[in-house]
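One letter stands for each residue in the lines below.
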Protein chains: 2
Amino acid sequence: MRILGIDPGSRITGYGIIEKRGNRLLHIDNGAITTRSSDELANRLKVIYRDLEQVITEYAPNAVAIEQIFVAKNAQSALKLGHARGAAMLAGVNANLTVAEYTAIEVKNAVVGYGRAEKRQVQQMVRMLLNLPEIAQEDASDALAVAICHAHSARITQLKRS
Amino acid sequence: MRILGIDPGSRITGYGIIEKRGNRLLHIDNGAITTRSSDELANRLKVIYRDLEQVITEYAPNAVAIEQIFVAKNAQSALKLGHARGAAMLAGVNANLTVAEYTAIEVKNAVVGYGRAEKRQVQQMVRMLLNLPEIAQEDASDALAVAICHAHSARITQLKRS
């Protein structure tokens, strides 16, 4: 099963594709979609949506995993992040994929085995689990982490659609 | 020129289509897209996007107008609203339409001539300007208001694409 993890942001949206074969996790690809802050919001959303659409077409994942967000610095940054996250979720759901949401604690638990792990620890574990030559770009690494969380999650069986 | 106004919300998204003929404004249609709060967020975004896509296909507007949002009760509701607003903007921009944003003050100024007008006054003026038999559903009325704002706006000439 192939999983597309997404870490959305209005400036940078990270993505990572992994494949679960039995108990093994394989890294397929990762990257970051960067939008120009000078661009209008609508056009930035279009870029995020279109690029994720291309990633989905290219790698044909079976599911999308995305971090659930509870906190944001303030209402204004939450609003911006919401737009980007909405665009990312739509790219998945419009391709008829299940979009699973995980909290940061669930992701850290799944990757490091400790819900309060630090960012750096998570990045290191992602690198090790997926046999990457080096730590991936920050947002791409976060996207791979949530994909790993989905791969490890018991919820897969509930969410998987025939 | 036809304008689609949108008032996005994670529960109810209002829309309104008006047509500007010279100095006259004609009401074409208005309505509200309701999503089930029991549904997963991704599916609610899908409904908003798909229904607006249908509205755009049916009425072929030349532009989309949407209210710019600066305040939200808190970060959590801002995040939710952001998702819905992102889905609405994407429906416009993916149909190659310009998405114009107006502040609440700009909308009130355009509709009532007074930036601090009360909600009820705006609804009454929307009804009168568009010759509606009665006040439209609240969110649909807000959507018509922002469409009227776009029709009245000098920005149209800047934003209009050949």
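Residues numbered from 1 in each chain as written. Chains lettered and ligands numbered in written order. Predicted model: local features only at pLDDT ≥ 70, side-chain atom pairs only at ≥ 80, totals over all residues. Heavy atoms only, no water.

Student: So, unusual backbone geometry: which residues are in play, and what are the values?
Tutor: Residue and element names in this part refer to chain B. A positive phi angle is found at A60, which is not glycine, with a value near 45 degrees. Structurally, the position occupied by A60 is in the loop between α1 (41-59) and β4 (63-67). Phi is positive for N131, which is not a glycine, with a value near 60 degrees. (Helix = DSSP H or I, 4+ residues; strand = E, 2+ residues; numbered from the N terminus.)

Student: Please set out the relation of the copies chain B and chain A residue by residue, giving values where relevant.
Tutor: Rotating chain B by 180 degrees and translating it 0.0 Å along the rotation axis places it on chain A, where the RMSD comes to 0.0 Å. Expressed as an axis order, the relation between the two copies is that of a two-fold axis. A shared binding surface is used by both copies, with 100% of the interface residues of chain B retained as interface residues in chain A. (Least-squares fit on C-alpha atoms with pLDDT ≥ 70 in both. Contact = heavy atoms within 4.5 Å.)

Student: Got a sec to walk through the sheet that holds strand β5 (residues 98-102) of chain A? Specific residues and values, please.
Tutor: Backbone hydrogen bonds hold the strands of a sheet together, and the pairing may be parallel or antiparallel. All names here are of chain A. Here we have five strands laid out as an open sheet, ordered β3-β2-β1-β4-β5, and mixed in their pairing. The two strands at the open ends of the sheet, each matched to only one other strand, are β3 (24-34) and β5. The sheet shows a mean angle of 25 degrees between the axes of neighbouring strands, taken without regard to direction. Summarising the sheet, strand β1 (residues 2-7) and strand β2 (residues 12-21) pair through six bridges and their orientation is antiparallel. Along β2, the bridge assignment pairs R2 with E19. (Pairing = 2+ DSSP bridges. Axes fitted to C-alpha atoms, helices over the stretch in contact; angles between N-to-C directions.)

Student: Could you give me a rundown of the nonpolar core, with the residues and numbers involved?
Tutor: Counting 52 residues, the largest nonpolar core has L4, L52 and L90 of chain A together with L4, L52 and L90 of chain B as the members making the most contacts within it. Setting aside chain neighbours within four positions, we find L52 of chain B in contact with I6, Y15, I33, A88 and A91 of chain B. (Core = buried A, V, L, I, M, F, W, Y, C linked by side-chain atoms within 4.5 Å. Buried < 20%, exposed > 50% of the residue type's maximum accessible area, 1.4 Å probe, protein only.)

Student: Help me get a handle on the UniProt feature "active site" (unreviewed entry) in chain A, residues and values and all.
Tutor: Residue and element names in this part refer to chain A. Per the UniProt record, "active site" (unreviewed entry) is annotated on D7, E67 and D139. Spanning 133 residues, the named residues nonetheless gather at one spot, since no C-alpha pair among them exceeds 11.6 Å. Residue placement: D7 occurs in strand β1. A residue is classified by how much of its surface remains accessible, and D7, at 14% relative accessible area, is buried. (UniProt positions renumbered as here; feature names shortened; annotations may be inferred.)

Student: So what's going on with the confidence of the model for chain A? Residues and values would help.
Tutor: For chain A, per-residue confidence averages 91 on the pLDDT scale, and residues scoring 70 or more make up 93% of the total. Both scores are available for the predicted complex, with the pTM at 0.88 and the ipTM at 0.84. (pLDDT = per-residue confidence, 0-100.)

Student: Talk me through the sheet that holds strand β5 (residues 98-102) of chain B; I want residue IDs and the actual numbers.
Tutor: Residue and element names in this part refer to chain B. The strand order across the open sheet formed by five strands is β3-β2-β1-β4-β5, and the pairing between neighbours is mixed. A single partner strand is all that each edge strand has here, and the edge strands are β3 (24-34) and β5. On average, adjacent strands in this sheet sit at an angle of 25 degrees to one another, irrespective of strand direction. Packing against the sheet, helix α5 (residues 138-152) makes contact with β1 (2-7), β2 (12-21), β3, β4 and β5, and its axis sits at approximately 35 degrees to β2.

Student: Lay out the packing of helix α4 (residues 119-129) of chain B against α5 of chain B with the relevant residues and their values.
Tutor: Residues and elements named next belong to chain B. Relative orientation of the contacting elements α4 and α5 amounts to 70 degrees, with a least axis distance of 9 Å. Judged on the interaxial angle alone, α5 and α4 are roughly perpendicular. The two elements α4 and α5 meet at a crossing, and its hand is left-handed. Facing K119, V122, Q123, V126 and L129 of α4, the residues of α5 in contact are E138, S141, D142, L144, A145 and I148. In terms of residue class, the contact of α4 with α5 is made up of six nonpolar, two polar and three charged. (Parallel < 35°, antiparallel > 145°, perpendicular 65-115°, else oblique. Left-handed = near helix turned anticlockwise from the far one by under 90°. Nonpolar A, V, L, I, M, F, W, Y, C, P; charged D, E, K, R; others polar.)

Student: I'd love a proper account of the interface of chain B and chain A, names of residues and values included.
Tutor: A common way to state how big an interface is: give the accessible area lost once the parts meet. Opposite the 29 residues of chain B that make contact, chain A presents 29 residues. Summed over both partners, the interface of chain B with chain A comes to about 2300 Å²; 64% of that surface belongs to carbon and sulfur atoms. Among the residues of chain B in contact with chain A, K46, L79 and L90 of chain B are the three that bury the most area, contributing 21% of the side total. Seen at the junction of chain B and chain A, the total is zero salt bridges. In this assembly, chain B and chain A are joined by eight residue pairs in polar contact (both at pLDDT 80 or more). Contributions of two or more residues to the side of chain B that touches chain A are made by α1, α2 (75-93) and β5 of chain B. Partitioning the side of chain B that touches chain A into residue classes produces 17 nonpolar, eight polar and four charged. (Buried area = accessible area lost by both parts, 1.4 Å probe. Salt bridge = Lys/Arg side-chain N within 4 Å of Asp/Glu carboxyl O. Polar contact = N/O pair within 3.5 Å; in protein donor to acceptor, adjacent residues only side chain to side chain.)

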